[in-house]
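Residues per chain, in single letters:
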Number of protein chains: 2
Amino acid sequence: MQRDTKQKRAILKVLTGTRSHPTAEWIYNEVRNEIPNISLGTVYRNLRLMADAGDILELDMCGAVSRFDARRDNHYHFRCERCGEVCDVDEPVHQELDEKVAKVTGFTVSYHKLVFVGLCRECPGTPISKS
Amino acid sequence: MQRDTKQKRAILKVLTGTRSHPTAEWIYNEVRNEIPNISLGTVYRNLRLMADAGDILELDMCGAVSRFDARRDNHYHFRCERCGEVCDVDEPVHQELDEKVAKVTGFTVSYHKLVFVGLCRECPGTPISKS
DNA sequence: TTAGGTGCAAAACCTTTGCCATCCC
DNA sequence: GGGATGGCAAAGGTTTTGCACCTAA
């Protein structure tokens, strides 16, 4: 069972108090203002705990390692959260989203990456609830 | 200038010949059937060369390191390819895409991750062409 | 009391890089 | 010939883990 510690509270406070999407290293530096002798391992451990519990979001695409694709055109992917397989999805690319977001944000949008996540046909069962 | 070597050809052949989205390690093992003494470094070097040249796609989200977000609801992100900043995008989540893809693929789709890529307002200039 | 958490350091893991020999162009 | 590439091994950077000591419940 998850316990309530000052380290955990401090990490969550830093994460809640920023509008950026910080890395573990950045969070570590911030938290040290409050708990100078906290260790980087503790930051990683708690971020993992909270991400797995669904208390925070971890931004990644397909896990830690890069994957490569000989197709050069932009297209969507599906990743099975049980077996880790990645495959192409036939859904056409919605380029109008790029224009819409460009208009709203004022940014220059070149393209977007989209990954559907769930269970493939070889991995029956209930989706992983992360808790 | 990019040179034409048998290592490069073999790597591209493996990548073209699979419908999976392999990791560098997996490609390395396949290529060794043809070039037993090829080194893993060469595989990485060529994948990077080809990805940077736009000959293949590299599947990743925000670079190597994980980023975290205190928002728990699914939402879209924007990443500036020049300065690396990541920020939230207000565009509502298109959940109907999940159902559509589920219907077409037969997979169970829990959610999708979407990242717009381009240049933020602080990074003027032409988008990075990767070549 | 005790299972879970912490700090520290080492290990694990993926990827890049330096060096020198080799090979395209 | 000369610069790009390959093989090898070492280094680099991020994340995880083992262990002994704490601490919240």
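To start, this report covers the structure provided alongside it. No experiment lies behind these values; they were computed from the predicted model shown. (Residues numbered from 1 in each chain as written. Chains lettered and ligands numbered in written order. Predicted model: local features only at pLDDT ≥ 70, side-chain atom pairs only at ≥ 80, totals over all residues. Heavy atoms only, no water.)

Time to look at helix H1 (residues 6-16) of chain B. Every buried residue of H1 of chain B is accounted for by Lys8, Ala10, Ile11, Val14 and Leu15 of chain B. Down the axis of H1 of chain B, the sector holding all buried residues measures 165°, keeping them to one side. Counted as exposed and oriented over 90 degrees from the buried face of H1 of chain B: Lys13 and Thr16 of chain B. In the core, the buried residues of H1 of chain B are packed alongside strand E2 (67-69) of chain A together with helix H2 (24-31) and helix H3 (40-53) of chain B. (Buried < 20%, exposed > 50% of the residue type's maximum accessible area, 1.4 Å probe, protein only. Helix = DSSP H or I, 4+ residues; strand = E, 2+ residues; numbered from the N terminus. Arc of directions from axis to C-beta. Contact = heavy atoms within 4.5 Å.)

Now for the protein's contact with DNA strand C. Close contacts around DNA strand C come from 20 residues, with Arg3, Thr5 and Thr42 of chain A together with Tyr44 and Arg48 of chain B the closest. Looking at DNA strand C alone, sugar and phosphate atoms form 68% of those within 4 Å of the protein. Measuring from a phosphate oxygen of DNA strand C, one finds a backbone N or O atom of Asn37 of chain A at 3.3 Å. Arg45 of chain A has a polar side-chain atom sitting 3.0 Å from a base nitrogen of DNA strand C. Of all the secondary structure elements, the ones that give two or more residues to the surface near DNA strand C are helix H1 (6-16) and helix H3 (40-53) of chain A together with H3 of chain B. (Near = heavy atom within 4 Å. Polar contact = N/O pair within 3.5 Å; in protein donor to acceptor, adjacent residues only side chain to side chain.)

Here we come to the side chain of His77 of chain A. Structurally, His77 of chain A can be placed in strand E3 (residues 76-80). A polar contact is formed between the side chain of His77 of chain A and the side chain of Asp69 of chain A, at a distance of 3.3 Å. A polar contact is formed between the side chain of His77 of chain A and the side chain of His75 of chain A, at a distance of 3.1 Å. Ignoring sequence-local partners within four residues, the contact set of His77 of chain A consists of Asp69, Val86, Cys87, Asp88, Val89, Leu114, Val115 and Phe116 of chain A together with His21 and Leu59 of chain B.

This part covers the nonpolar core. Across soluble globular proteins, nonpolar side chains show a tendency to be buried alongside one another. Phe78 and Phe116 of chain A together with Phe78 and Phe116 of chain B are the most contacted members of the largest nonpolar core, which has 26 residues in total. Elements with a minimum of two residues in this core: E3, helix H4 (96-105) and strand E5 (108-119) of chain A together with strand E3 (76-80), helix H4 (96-105) and strand E5 (108-119) of chain B. Not counting chain neighbours up to four residues away, the residues in contact with Phe116 of chain B comprise Leu97, Asp98, Val101, Val109, Tyr111 and His112 of chain A together with Tyr76, His77, Phe78, Arg79 and Val89 of chain B. (Core = buried A, V, L, I, M, F, W, Y, C linked by side-chain atoms within 4.5 Å.)

This brings us to the packing of H1 of chain A against H3 of chain A. Residue and element names in this part refer to chain A. For the pair H1 and H3, interaxial distance at closest approach is 10 Å and the crossing angle is 75°. Comparing the axis directions of H1 and H3 gives the class roughly perpendicular. In this structure, H1 contributes Gln7, Lys8, Ile11, Leu12 and Leu15 to the contact, and H3 contributes Thr42, Val43, Asn46, Leu47, Leu49 and Met50. Considered class by class, the residues forming the contact of H1 with H3 number 7 nonpolar, 3 polar and 1 charged. (Axes fitted to C-alpha atoms, helices over the stretch in contact; angles between N-to-C directions. Parallel < 35°, antiparallel > 145°, perpendicular 65-115°, else oblique. Nonpolar A, V, L, I, M, F, W, Y, C, P; charged D, E, K, R; others polar.)

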